[in-house]
Amino acid sequence: MMLDTAVVPCGGLGTRLHPITRWIPKEMLPVGLKPVLYWTLDEAADAGLLRAIIITNPHKPMLEVVARSYQGPLELEFVPQDHPRGLGDALMRAKDELAGSPFITLLPDNLFQGSNPTASLMATYRATGLSTVLLAEITQEDARSKGPTGRVAARKAPDGSLRVTGVADKGAGRFATAGEQVAMTPIGRMAFPADIFNEFEEVGRGLGPGMELDDVPVLQRLARRDALAGVINAARFFDVGIPEGYREAVAAFPARA
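Visitor: Pulling in residues and values, what's your account of the sheet that holds strand β12 (residues 228–232)?
Guide: Spatially, the nine strands line up as an open sheet ordered β5-β4-β1-β6-β11-β8-β12-β10-β9, and their pairing is mixed. Sheet topology places β5 (75–80) and β9 (152–156) at the edges, where each strand pairs with a single neighbour. Ignoring which end each strand starts from, the neighbouring axes of this sheet average 35 degrees apart. Where strand β8 (residues 131–139) meets β12, five bridges bridge the pair, whose relative direction is parallel. Paired with T132 across the two strands is A229, which belongs to β12. Lying on the sheet, helix α1 (residues 36–46) is in contact with β1 (5–9), β4 (51–56), β5, β6 (103–106) and β11 (182–192); it crosses β1 at an angle near 165 degrees.

Right, here's the structure in full:
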């Protein structure tokens with residue numbers, strides 16, 4: 001089936017950006033005179049996607065109001081996630097709307113300046129037919145402005161694409177390069193086939209009461225089976241979900257209409 005849909009999870013409460021996100025959702029924070037979410041939707045449209053399913057939170061009513069004011073070409077749909085229970089749980093909320101089609105996940109708190117990372121991700125997904133993640137090479141110096149994600153190992157496949165061979169658990173605080181000058185990590189763009197929900201459901205059955213359904217265990221399962229492709233990000237990457245990354249993005253994007 002055609003890959004034409006973005007899933008944009010916006011159910012989180014932005015606790016790493018408190019106190020400002022107690023009053024305004026992080027997706028609505030301004031960068032270059034427009035909300036962060038609009039940058040993400042523009043990226044999806046520029047990559048050729050036609051539809052965006054936005055995962056909302058009833059505790060953030062402003063989010064849907066502002067999202068519906070978006071003037072781009074995407075068809076928007078809204079699905080609630082009443083409590084933030086992990087990225088995997090957010091994606092599961094969109095299963096019925098996807099109706100058996102592949103999709104791209106775009107995390108709105110990851111902002112890019114330069115070449116379109118979603119377009120690169122889609123090209124590799126179409127070439128390999130595999131779940132595909134965007135990978136960033138983070139230096140020790142840049143790690144201070146990036147949130148906690150797990151490092152990855154990758155190798156070159158015979159067709160020239162990358163295969164992710166290992167995904168570490170997420171850390172805490174800020175990204176850690178484990179003493180290396182440069183370390184690689186997955187960042188907020190992923191392409192999935194429709195049957196990825198089988199993986200999330202399998203992981204979910206093994207969770208204890210109250211545990212979140214995250215994406216990392218699914219990525220780890222795929223990597224162990226040599227079924228996860230990777231694409232190196234060529235754009236400048238900002239993690240606007242933490243104060244340091246948001247400040248960098250505001251400084252980097254010109255404040256013009």
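Visitor: Outline the packing of helix α6 (residues 196–205) against helix α7 (residues 216–224), supporting the account with residue identities and numerical values.
Guide: As a packed pair, α6 and α7 sit with axes 9 Å apart at the nearest point and diverge in direction by 115 degrees. The handedness of the crossing between α6 and α7 comes out as right-handed. Residue-level contacts link I196, E199, F200, E202 and V203 of α6 to P217, V218, R221 and L222 of α7. Residues of the contact of α6 with α7, tallied by class, amount to six nonpolar, no polar and three charged.

Visitor: Can you explain the nonpolar core? Please cite residues and give values.
Guide: Formed by 34 residues in total, the largest nonpolar core has its most connected members in L37, L41, I54 and I104. In this view, I104 contacts L3, T5, A6, V7, L49, T118, L121, M122, M190 and A191; residues no more than four positions away in its chain are not counted.

Visitor: So what about the pattern of salt bridges? Which residues, and what values?
Guide: Counted by the stated rule, this structure contains 17 salt bridges. Here D109 ties to K26 by a salt bridge, and the two come within 2.8 Å at their closest N and O atoms. Of this pair, D109 sits in the loop between β6 and β7 (110–113) while K26 sits in the loop between β1 and β2 (30–31), and the two are 83 residues apart along the sequence. Each member of the pair D109 and K26 is classed as buried. A salt bridge links K170 to D214; the shortest N-O distance between them is 3.3 Å. With K170 in the loop between β10 (162–167) and β11 and D214 in the loop between α6 and α7, the pair connects residues that are 44 residues apart, well separated along the chain. On the basis of relative accessibility, which here comes to 41%, the residue K170 falls in the partly exposed class. In this structure D214 comes out as buried when scored by relative accessible area, which is 18%. Through salt bridges that share partners, D82, R85, D89 and R93 make up one connected network.

How each quantity is defined
Residues numbered from 1 in each chain as written. Predicted model: local features only at pLDDT ≥ 70, side-chain atom pairs only at ≥ 80, totals over all residues. Heavy atoms only, no water. Pairing = 2+ DSSP bridges. Helix = DSSP H or I, 4+ residues; strand = E, 2+ residues; numbered from the N terminus. Axes fitted to C-alpha atoms, helices over the stretch in contact; angles between N-to-C directions. Contact = heavy atoms within 4.5 Å. Left-handed = near helix turned anticlockwise from the far one by under 90°. Nonpolar A, V, L, I, M, F, W, Y, C, P; charged D, E, K, R; others polar. Core = buried A, V, L, I, M, F, W, Y, C linked by side-chain atoms within 4.5 Å. Buried < 20%, exposed > 50% of the residue type's maximum accessible area, 1.4 Å probe, protein only. Salt bridge = Lys/Arg side-chain N within 4 Å of Asp/Glu carboxyl O.

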